[in-house]
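Breakdown of the fold
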Amino acid sequence: MSHPTAPSAGLQTLAIHAGETPDPATGASAPNIVMSTTFVTGADAGFSVEDMDDETKWIYTRWGNPTVHQLEVKLAALEGAEAAVAFGSGMAAVSSLFMHLLKAGDHAVVSDVTYAAASEMAREILPSLGIEITRVDTSDLAQVAAAMRPNTRLVYAETPCNPLLRLTDIAAVADIAHAGGARLAVDSTFATPLATRPLALGADFVVHSLTKYLGGHGDALGGAVLGGAEALAALRQRTAIRFGGVLSPFNAWLIQRGLATFPLRMRAHAENALALAKYLESHPRVERVIYPGLPSHPQYELAQRQMRNASGMVTFRVADGAALARRCAEQLRVIHYAVSLGHHRSLLFYLASEDLLRTSFQLDTPAQRASWDAYAGDGIFRFSVGLEDPEDLIADLSRVLDA
């Protein structure tokens, strides 16, 4: 299916129209949901994914589905990618990418702070398969360059990283990776295509958790890997279909519906987040606020250069964060004390450093630990600022901060 809009169309136009055409049978303007798991086909249809190509018709939904395909076309248009492969969750996308690119004897350079499940996979599962992993602070180009080896096949970064909101210079790291014969994959979930297009900066793959800003409503799990058409076709055949972590057509339809308002939502998220970040930075109880849209962010210049939108994630630190977390869980009325992020409603959660460093993150050097301590201290609040009136969010936070 081709884009019904020109590739040069604006992001909002692509968010609404890319991948969608009126139904030829009914004229329905909104896309249908094709829930069928199997499709009637001709006698010449193959029974192996090895026989798949661009001309293959729909056969079985694990291989491909019209509704999921519509979403993939829209995602590729928004990201400026040749192709996309959708998955049942963000971690299904990450796992498929790792398993596709890496084998025993290979080496990968992975951000020392990234989404917890991806971090745990890099720490536990990949080494158990004979894949060497070096964890580095990817905001430090010298660390990335020093970690490269002759058998390095992948550099994996996340920008802004979860939960520190530390940034990676994508263009510079892409140069380092490619000079060493490796490919660069960037998890751009926090940034979204409205802020940053990693492929245009030299990345080979982009990963998104569609559960977050792209779906935007907290009601559908999903993930995606985006990149070149040839590379994504190989990934689809080798790991996406065979591992089976495919996206439900119904969730694809929900995420596609959410994408229609994605650019509008992101502008509102960023506007609200900046207002809340300024409020928190002025509060006497708050020790530190980390937000790429604030001049106080240590990489503010890079944020201005690499991000067209500062997104809706704010991290902040207070003394005795655990006690404040208890009050938040009990007393917040508008903001939900809950994990996850990128939804239309505001979500706040306390992340204790002791727990994270025991279970999720592997900080191997004094410099890595010092970087963590400078950002997080004993623990940080991860605040996904939603679309509510900012005055109401500030009043809700003031109720617990001023107690």
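Just so it is clear, the model here is predicted, and its values are computed rather than measured.

Right, let's get into the packing of aromatic side chains. Evaluated as defined, the whole model comprises six aromatic pairs. Judged by centre distance (5.0 Å) and plane angle (65°), the rings of F98 and Y156 are edge-to-face. With F98 in helix α3 (residues 90-101) and Y156 in strand β4 (residues 152-158), this residue pair connects regions lying 58 residues apart in the sequence. Given the relative accessible area of 0%, F98 is considered buried. Aromatic pair Y350 and F381: ring centres 4.9 Å apart, planes at 50°, arrangement tilted. Placement of the pair is Y350 in strand β11 (residues 347-352) and F381 in strand β12 (residues 379-384), with a sequence separation of 31 residues. Look at Y350 and you get buried, because its relative accessible area is 14%.

Examined against the element boundaries, T152 turns out to sit in strand β4. A relative accessible area of 0% means that T152 is categorised as buried. A polar contact of 2.7 Å, which involves the side chain of T152, links it to the side chain of H107. For T152, the side chain forms a polar contact with the main-chain nitrogen of R149, separated by 2.7 Å.

Okay, the nonpolar core next. Across soluble globular proteins, you tend to see nonpolar side chains buried next to one another. Residues L71, L75, L164, L259, F262 and W372 are the most contacted members of the largest nonpolar core, which totals 45 residues. Listed by contribution, the elements that provide at least two residues to this core are α1 (11-17), α2 (66-79), β1 (83-87), β7 (223-227), α9 (249-259), α10 (262-282) and α14 (366-376). Looking at which element gives the most residues to this core, the answer is α2, with six residues. Counting contributing residues per domain, this core is built from domain 1 (11-257) and domain 2 (263-402), each supplying no fewer than three. Among the nonpolar cores identified, the runner-up in size contains 29 residues, and A273, V289, V385 and L393 belong to it.

The next thing to look at is the pattern of salt bridges. Opposite charge on two side chains permits them to pair, given that their charged atoms come into close proximity. A complete count under the given rule lists 14 salt bridges for this structure. The closest approach of N and O atoms between E301 and R305, which form a salt bridge, is 3.0 Å. Of the two residues, E301 and R305 both sit in helix α11 (residues 300-306), four residues apart, roughly one turn of that helix. According to the relative accessible area criterion, R305 is exposed, its value standing at 52%. R369 is paired through a salt bridge with D373; the nearest N and O atoms lie 3.0 Å apart. One end of the pair, R369, and the other, D373, are both in helix α14, four residues apart, so they sit about a helical turn from each other.

The next subject is the packing of α10 against helix α15 (residues 390-401). The contact between α10 and α15 brings their axes to 10 Å, and the two run at 30°. One finds that α10 runs roughly parallel with respect to α15. Here α10 and α15 pass one another in a crossing that is right-handed. Side by side, α10 and α15 meet where N272, A275, L276, Y279 and L280 of the first sit next to P390, L393, I394, L397, S398 and L401 of the second. Among the residues making up the contact of α10 with α15, the classes are represented as nine nonpolar, two polar and no charged.

Looking now at the sheet that holds β1. Taken in spatial order, the seven strands of this open sheet run β1-β7-β6-β5-β4-β2-β3, and their pairing is mixed. This sheet does not close on itself; its edge strands, each paired only once, are β1 and β3 (132-136). Neighbouring strand axes in the sheet, compared pairwise and without regard to direction, differ in orientation by 20° on average. Where strand β5 (residues 183-187) and strand β6 (residues 205-209) come together, three bridges link them in parallel fashion. Within β6, the position partnered with A185 by the bridge is F205. Across the face of the sheet, α3 comes into contact with β1, β4, β5, β6 and β7 while running at roughly 155° to β6.

As assigned here, the protein chain comprises domain 1 (11-257) and domain 2 (263-402). Each of domain 1 and domain 2 has a C-alpha centre, and these two points are 26 Å apart. The junction of domain 1 with domain 2 conceals about 3,600 Å² of combined surface from both sides, 57% of it contributed by carbon and sulfur atoms. On the surface where domain 1 and domain 2 come into contact, there are one salt bridge. Notably, a salt bridge pairs R305 with D169, separated by 3.7 Å at the nearest N-O pair. One can count 21 residue pairs in polar contact (both at pLDDT 80 or more) joining domain 1 with domain 2. Of all the secondary-structure elements, those providing two or more residues to the side of domain 1 that touches domain 2 are α1, α4 (116-128), β3 and α7 (192-195). Per-class residue counts for the side of domain 1 that touches domain 2 are 19 nonpolar, 15 polar and nine charged.

Conventions we followed
- Residues numbered from 1 in each chain as written.
- Predicted model: local features only at pLDDT ≥ 70, side-chain atom pairs only at ≥ 80, totals over all residues.
- Heavy atoms only, no water.
- Phe/Tyr/Trp six-rings, centres within 6.5 Å; stacked < 30°, edge-to-face > 60°.
- Helix = DSSP H or I, 4+ residues; strand = E, 2+ residues; numbered from the N terminus.
- Buried < 20%, exposed > 50% of the residue type's maximum accessible area, 1.4 Å probe, protein only.
- Polar contact = N/O pair within 3.5 Å; in protein donor to acceptor, adjacent residues only side chain to side chain.
- Core = buried A, V, L, I, M, F, W, Y, C linked by side-chain atoms within 4.5 Å.
- Domains from an automatic or database assignment.
- Salt bridge = Lys/Arg side-chain N within 4 Å of Asp/Glu carboxyl O.
- Axes fitted to C-alpha atoms, helices over the stretch in contact; angles between N-to-C directions.
- Parallel < 35°, antiparallel > 145°, perpendicular 65-115°, else oblique.
- Left-handed = near helix turned anticlockwise from the far one by under 90°.
- Contact = heavy atoms within 4.5 Å.
- Nonpolar A, V, L, I, M, F, W, Y, C, P; charged D, E, K, R; others polar.
- Pairing = 2+ DSSP bridges.
- Buried area = accessible area lost by both parts, 1.4 Å probe.

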